[in-house]
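# Summary of the model geometry
Here is how the chains run, residue by residue.
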Amino acid sequence: MKKSSRKKNARGTTGRSPKAPYDGAVAGRSPQALTKIARAITGRSPQARYDAAGTGRRMRGWNPPKSGPNLAMAGVELLRARARDAERNDWAGESASQRWVTNLVGWGITPRLSRFKAGARKEELQKLWDEWVPNSDADCVLNFYAQQALVVRAWLGAGEVFVRRRVRDESYGMAVPLQLQVIEADYVPMLDLDQDPRLPIGNRVRSGIELNKRGKRVAYWLHREHPGDNTGGVIDQSQLLRIPAAEIAHIYEVKRPGQLRGVPPLAATLARLRMIGDYDDAVLERQKLANLFVAFITRGLGDGATDPLTGLSLEYAEDGGSLMPLSPGIMQELGHGENVQFSNPPEAGTTYSDYMRTQHLGTAAAAGLPYEIFSGDIANVSDRTLRMLVNEFRRFAEQRQWLTIIPMFCQRARDWWTDAAVLAGQVNMAEAADVAQVAWAPHGWAYIHPVQDVQGKQMEVQAGFRSRSSVIGERGDDPEQVDAERKADQDRADKLGLAPAIAGVGAPADPAASQPEDQNDNRRVAPG
């Protein structure tokens, strides 16, 4: 007789724990069903430690789906279309995108060759880049910095955007044979594949992105043309292009670990935005009807054939209108039993503006914008409050610049440009890494209070808390270029015999400018 190989523990049982009678019965059950199972096992109902995790009267109707980061993307095509429609037809949607593009890109996020010292080679490389910038667009419409604005607008409108590297041949006559093609999110379908003749063994396609067995992105599957422009019928799935991931830059904001595709930033407020627009249209239509000035004449019993003003029989024009129209200053006597009543439609109401402002406060918050920047309404906002709002907004904008736009698009474009320059013989291999690793300089922020802001930065430099280069770079300028311009100005002034500038000339004579900030910031911004 063969002995069992399992060892018994001190209690005389095997190491494997006995199977619970309810194992496998809890998977996929609703909270109510799990409550019944727990009550059957323990004899009492479980008590939620968090109110929001309870299943009582208040939370009974709240049963959100437990979707993963990619299953939650179901219906994103419709969501994307509605977000774009809000940009086209709603001022709030257009304002949100326009304000973000303006603040994130400005005139452009420019690269600086921080690893090269001032000299001829640095000037040659900068000139090479400047010559490529106007020809960067594969559609031959925009320059590189305008493409930055287009990428940001497409990202904010649809939640994501793709950029494809297009290497050109000698016929284009480019010193660096590279162009960038901006591709809308619709080109990459929400496609899931486990088997396909072009799919390597072990790879799978999720949401149009091909992943290997380790989950690394290896390719993107793209339509040959925009599916929204295809009027000839359904695009054949077998005609999708498989583009290696090294040729594609995917720009989107990752909000959940493992998220493969982007969601429009206005997704959380699109439904509310639609209802706000419907309410605003209804009020506008009501006001249009209210402006229709209508008077009704009521008469008592009579033959209706005699004009009460003239005593003669009623006569009408050929079009059926009265021969005596109303005119300014006219005094008409009504006949016996006649009365005039004017229509009195309801007005928009005294709470209309407050209600609309309250609703758009939520829209601005969902868009990540201060309401004052979102709407342009800065009435009754103090300098101190405005500065606090702007500083918080700028922190969020810098986060998007340095965590999304620069690493996902700008640096990828610079890496591609360096590779193309090396292949074209414009950059040697020894300096390729230094050419690619540049310092990106976003468009500098405008001063909120020009006098106080400049004085504060000057005091920081004089105290040794920061350098002149950091102050100049914060404005979006190149410190070496600024110093070269200063030297050129000084040399030209010396050559022409101009008197040097006197320190302090041009300073404001207003004593309020030198007052402490807490005394000077209680002023109100004029409504405008």
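Our subject is the structure that appears above.
Bear in mind that the values here come from a model prediction, so they are computed numbers and not experimental data.

The rules we used
Residues numbered from 1 in each chain as written. Predicted model: local features only at pLDDT ≥ 70, side-chain atom pairs only at ≥ 80, totals over all residues. Heavy atoms only, no water. Helix = DSSP H or I, 4+ residues; strand = E, 2+ residues; numbered from the N terminus. Buried < 20%, exposed > 50% of the residue type's maximum accessible area, 1.4 Å probe, protein only. Pairing = 2+ DSSP bridges. Expected span 1.5 Å × (residues − 1). Arc of directions from axis to C-beta. Contact = heavy atoms within 4.5 Å. Axes fitted to C-alpha atoms, helices over the stretch in contact; angles between N-to-C directions. Phe/Tyr/Trp six-rings, centres within 6.5 Å; stacked < 30°, edge-to-face > 60°.

## Thoughts on unusual backbone geometry
Among all residues save glycine, negative phi is the norm, and among peptide bonds the norm is trans. Positive phi is not limited to glycine here, since Cys 140 has a value of about 60 degrees. Summarising the element assignment, Cys 140 is placed in the loop between helix H4 (120–132) and helix H5 (144–158). Look at Cys 140 and you get exposed, because its relative accessible area is 62%.

## Some thoughts on the pairing of strand E6 (residues 217–222)
The sheet contact formed by strand E5 (residues 209–211) and E6 spans three bridges and is antiparallel. Within the sheet, the bridge partner assigned to Glu 210 lies in E6 and is Ala 219. Count of turn residues in the E5/E6 antiparallel hairpin: five residues, of which Gly 215 carries a positive phi of about 85 degrees.

## Observations regarding helix H6 (residues 270–290)
A rise of 1.5 Å per residue sets the reference length of H6, with its 21 residues, at 30 Å; its end C-alpha atoms lie 30 Å apart and thus fit the reference within 8%. What H6 keeps buried is the set Leu 270, Leu 273, Ile 276, Gly 277 and Val 283. For H6, the buried positions fall inside an angular range of 140 degrees around the axis, keeping them on one side. Turned more than 90 degrees from where H6 packs its buried face, Ala 271, Arg 274, Met 275 and Leu 289 sit exposed. For H6, the secondary structure elements touched by its buried residues are helix H2 (76–89), helix H3 (91–104) and helix H7 (352–367).

## Details of the side chain of His 360
Structurally, the position occupied by His 360 is in helix H7. For His 360, the contacting residues outside a window of four places in its chain are Trp 91, Ala 92, Leu 273, Ile 276, Tyr 371 and Phe 374.

## Points about the sheet that holds strand E2 (residues 160–167)
Strand order across the open sheet formed by three strands is E3-E2-E8, with antiparallel pairing between neighbours. The outermost strands of the open sheet, each flanked by one partner alone, are strand E3 (178–184) and strand E8 (248–252). Averaged over all neighbouring strand pairs, the angle between strand axes comes to 25 degrees, with direction disregarded. The sheet strands contacting H5 are E2, E3 and E8, and the helix crosses E2 at an angle near 145 degrees.

## Considering the packing of aromatic side chains
Enumeration according to the criterion identifies twelve aromatic pairs in this entry. Ring plane angle 25 degrees and centroid distance 5.7 Å describe the contact between Phe 144 and Phe 409, whose orientation is recorded as stacked. With a gap of 265 residues between them, Phe 144 in helix H5 and Phe 409 in helix H9 (residues 383–423) connect regions that are remote in the sequence. Classification of Phe 144 as buried rests on a relative accessible area of 0%. Under the relative-accessibility criterion, Phe 409 is labelled buried at 2%. Judged by centre distance (5.0 Å) and plane angle (65 degrees), the rings of Tyr 279 and Tyr 355 are edge-to-face. One end of the pair, Tyr 279, is in helix H6; the other, Tyr 355, is in helix H7, and 76 residues separate them in sequence.

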